[in-house]
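Residue-level listing of the chains:
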Amino acid sequence: MEAVHMNTSAKVFFTQPQIRPSELEIGRLAQYINQADKVTLFCGVGARNAQKQIVELSEKIHAPVGYSFKAKLDIQRDNPNEIGMTGLLGTASAFQSMHHSDLILLLGTDFPYKDFIPTNKTIVQIDIEGEKLGRRSIVDYGLVGILSIH
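Residues numbered from 1 in each chain as written. Predicted model: local features only at pLDDT ≥ 70, side-chain atom pairs only at ≥ 80, totals over all residues. Heavy atoms only, no water.

Draft legend 1. Representation of the sheet that holds strand β5 (residues 122-127). Spatial strand order, β3-β2-β1-β4-β5-β6: six strands in an open sheet with parallel pairing. Looking at the sheet topology across the chains shown, the edges are occupied by β3 (82-85) and β6 (141-144). With strand direction ignored, the average angle separating the axes of adjacent strands in the sheet is 20 degrees. On top of the sheet, helix α1 (residues 23-35) reaches β1 (39-43), β4 (103-107), β5 and β6; it is set at about 140 degrees to β6, its chief contact. (Pairing = 2+ DSSP bridges. Helix = DSSP H or I, 4+ residues; strand = E, 2+ residues; numbered from the N terminus. Axes fitted to C-alpha atoms, helices over the stretch in contact; angles between N-to-C directions. Contact = heavy atoms within 4.5 Å.)

What follows is the structure in structure tokens.
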């Protein structure tokens, strides 16, 4: 048989959509943060392009910043509040910070080592991929999108 010619685009499109939580969701996130005495940010490779915003957020809410092994190079640099990694290759500082916090913000991480994430803390997860919310730990509140600092 002869092949049938199909009319399809031969172009590849590289887009950068702006996906963010709604104002209502951001307001609820602010409530979680304001009610907590101690907050720890834990960042994954999904937050690699938000290093500046993570530093701003950590300074604004006085929160230490831990990260996964994959996120180390992006999150650690020029970050005065970084406390290292947790997980199989981590340090005690990030582990202890998460276990001594009231609130843990998981940012852009699908961290697979659930034994290193406390189960008796309030956990909020923000990820661009909604199907990852609550996949590895019990999450009290999940947001889809990229968080921006106001």
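Now that the structure has been shown, the text picks up again.
Draft legend 2. Expanded view of the pattern of salt bridges. Taken as a whole and judged by the stated rule, the model has four salt bridges. The partner of Arg-136 in a salt bridge is Asp-110, and the shortest N-O contact between them spans 3.3 Å. With Arg-136 in the loop between β5 and β6 and Asp-110 in the loop between β4 and β5, the pair connects residues that are 26 residues apart, well separated along the chain. Classification of Asp-110 as buried rests on a relative accessible area of 17%. (Salt bridge = Lys/Arg side-chain N within 4 Å of Asp/Glu carboxyl O. Buried < 20%, exposed > 50% of the residue type's maximum accessible area, 1.4 Å probe, protein only.)

Draft legend 3. Representation of the nonpolar core in the model. In terms of nonpolar packing, the biggest core is built from 24 residues, with Leu-41, Ile-54, Ile-75, Leu-103, Leu-105 and Val-124 touching the most fellow members. Those elements that provide at least two residues to this core are α1, β1, α2 (51-61), β2 (65-67), β4, β5 and β6. Apart from the residues lying within four places of it in its own chain, the contact partners of Ile-75 are Cys-43, Ala-47, Arg-48, Gln-51, Ile-54, Val-65 and Tyr-67. (Core = buried A, V, L, I, M, F, W, Y, C linked by side-chain atoms within 4.5 Å.)

Draft legend 4. The arrangement of a nonpolar patch on the surface in detail. There is a patch of nonpolar side chains on the surface, built from Ile-19, Ile-128, Val-144 and Ile-146 and spanning about 300 Å² of accessible area. Checked against the element boundaries, Ile-128 lands in the loop between β5 and β6. (Patch = residues over 30% accessible without salt bridge, like charges linked within 9 Å, V, L, I, M, F, W, Y side chains within 5 Å. Areas by Shrake-Rupley, 256 points an atom, 1.4 Å probe, with all protein chains shown as cover.)

Draft legend 5. Spatial organisation of the side chain of Thr-40. Along the chain, Thr-40 turns up in strand β1. The buried category is assigned to Thr-40, whose relative accessible area is 1%. In this view, Thr-40 contacts Pro-64, Ile-83, Ser-97, Met-98, Ser-101, Leu-103, Ile-104 and Leu-105; residues no more than four positions away in its chain are not counted.

Draft legend 6. Highlighting unusual backbone geometry. The backbone of His-62 sits at a positive phi, close to 55 degrees, despite the residue not being glycine. Assignment of secondary structure puts His-62 in the loop between α2 and β2. Not every positive phi belongs to a glycine, and Asp-78 is a case in point at roughly 50 degrees. Along the chain, the position of Asp-78 falls in the loop between α3 (72-75) and β3. What makes Asp-78 exposed here is its relative accessible area of 69%.

Draft legend 7. Quick peek at the pairing of β4. Across the five residues that make up β4, a large majority, five, are buried. The alternating pattern of β4 places Leu-103, Leu-105 and Leu-107 on one face and Ile-104 and Leu-106 on the opposite face, and all of these are buried. With five bridges connecting them, β1 and β4 associate as parallel partners. Bridge pairing in β4 places Val-39 opposite Leu-103.

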